[in-house]
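# Structural overview for review
These are the residues of each chain, in order.
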Amino acid sequence: MSQKHTDEIRQQVRESYARVAEASNAGECCGETSSCCGVSDDVAINTLISTRLGYSAADVAAVPDGADMGLGCGNPRAIASLRPGEVVVDLGSGGGFDAFLASPEVGATGRVIGVDMTPTMVSKARANAEKGAFTNVEFRLGEIEHLPVADDSADVIISNCVINLSPNKPQVFREAFRILKPGGRLAVSDVVASTELPEAMRNDPVLYAGCIAGAPLLDDLHAMLRDAGFQEIRVTPKDESREFIKDWAPGRGVEDYVLSAHIEATKPAAQG
């Protein structure tokens, strides 16, 4: 993929999710054609979307209004096994939903860092953090291919349906490996392709921003993680996710090609 095409995809995704944040701030539906953008002015609708993804009603009630925008394709905390005192980095943190849910699990001695490339999302998340008095959570503006996080500083990386949006996924995994401490772990919910997408889908900008066109094949995903240095790689596709994925692009048959998966891996522990 050329640098020009990469930049175009990144800008398109940034603009798409800026519109999501702005619509959420205004209490409106986002107007995007893909239902991956689940923003609604009806809290009950967003709660329904999130519970379909694996969150509980208690999870949704525990965060400030506007943090849960119905985005995502799973619940990465379900596989993260967070512990008190850990440092967690959330890739593509959006309005802060997963970061806020991680906050009480790592406790006062822990820390949660959300990274998002959309200034409007970062501003929204920071306002939500202040509203909810989340003192151990911070949000940084940055691209997940170039994380504004120090080497060997995170215990856990979580992410929810964001890495598929990157036009340079190998670089994302290299960065994730860089910032994890030895023995640190990756716990991600994302979309994967069970079979090669038709070229028309792959080149559809709406489907790219809608978490579909950029989904990697399972074998390619394993190879990217392995090449980045990860071990104990486990990718667990969720066949039941096709039920909500078909709503992301009604009538397009995307559920025949992609599905949500839990993605887990670890950085080797230090030797010696």
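It should be noted that the structure appears before, not after, this text.
### Some points on helix α6 (residues 119-132)
A rise of 1.5 Å per residue sets the reference length of α6, with its 14 residues, at 20 Å; its end C-alpha atoms lie 20 Å apart and thus fit the reference within 8%. Phi turns positive, to about 55°, at Ala133, one or two residues after α6.

### Describing the pairing of strand β4 (residues 154-160)
The element β4 is extensively covered by neighbouring structure, given that 7 of its 7 residues are classed as buried. Two strands pair when backbone bridges link them, and β4 and strand β5 (residues 180-193) are joined in this way by 6 bridges, in the parallel orientation. Bridge pairing links Ser159 to Val188 in β5. For the segment spanning β4, helix α7 (residues 169-179) and β5, crossover handedness is right-handed.

### A closer look at the packing of aromatic side chains
Evaluated as defined, the whole model comprises 5 aromatic pairs. Centre to centre, the rings of Phe100 and Phe139 are 5.6 Å apart; their planes meet at 75°, and the pair counts as edge-to-face. Of this pair, Phe100 sits in helix α5 (residues 97-106) while Phe139 sits in strand β3 (residues 137-141), placing them 39 residues apart in sequence. No difference in accessibility class separates Phe100 from Phe139, as the two residues are buried. Site record: aromatic cluster; members linked through ring pairs are Phe100, Phe134 and Phe139.

Analysis parameters
What you see as residue numbers is a count from 1 along each chain, following the sequence as written. Reporting in this predicted model follows two pLDDT cut-offs: at least 70 for local features of residues, and 80 or more for side-chain atom pairs to be given and counted; totals over whole chains, interfaces and linings ignore these cut-offs and use all residues. Only hydrogens and water are set aside; all other atoms, that is, all heavy atoms of the structure, feed into the side-chain values. Elements are defined by DSSP. Helices are runs of H or I of four residues or more, strands are runs of E of two residues or more, and each kind is numbered from the N terminus. Residue count minus one, scaled by 1.5 Å, sets the expected span of a helix. Categorising residues by exposure relies on relative accessible area from a 1.4 Å probe, with only protein chains included: less than 20% of the type maximum marks a residue as buried, more than 50% marks it as exposed, and the intermediate range marks it as partly exposed. The pairing criterion for strands is at least two bridges between them, as found by DSSP. The handedness of a crossover follows from its direction of travel: if, with the strands pointing away from the viewer, the path from the first strand over the helix to the second runs clockwise, the crossover is right-handed. Stacked, tilted and edge-to-face pairs are distinguished by plane angle, under 30 degrees for stacked and over 60 for edge-to-face with tilted covering the rest, among Phe, Tyr and Trp rings (Trp via its six-membered ring) whose centres lie within 6.5 Å.

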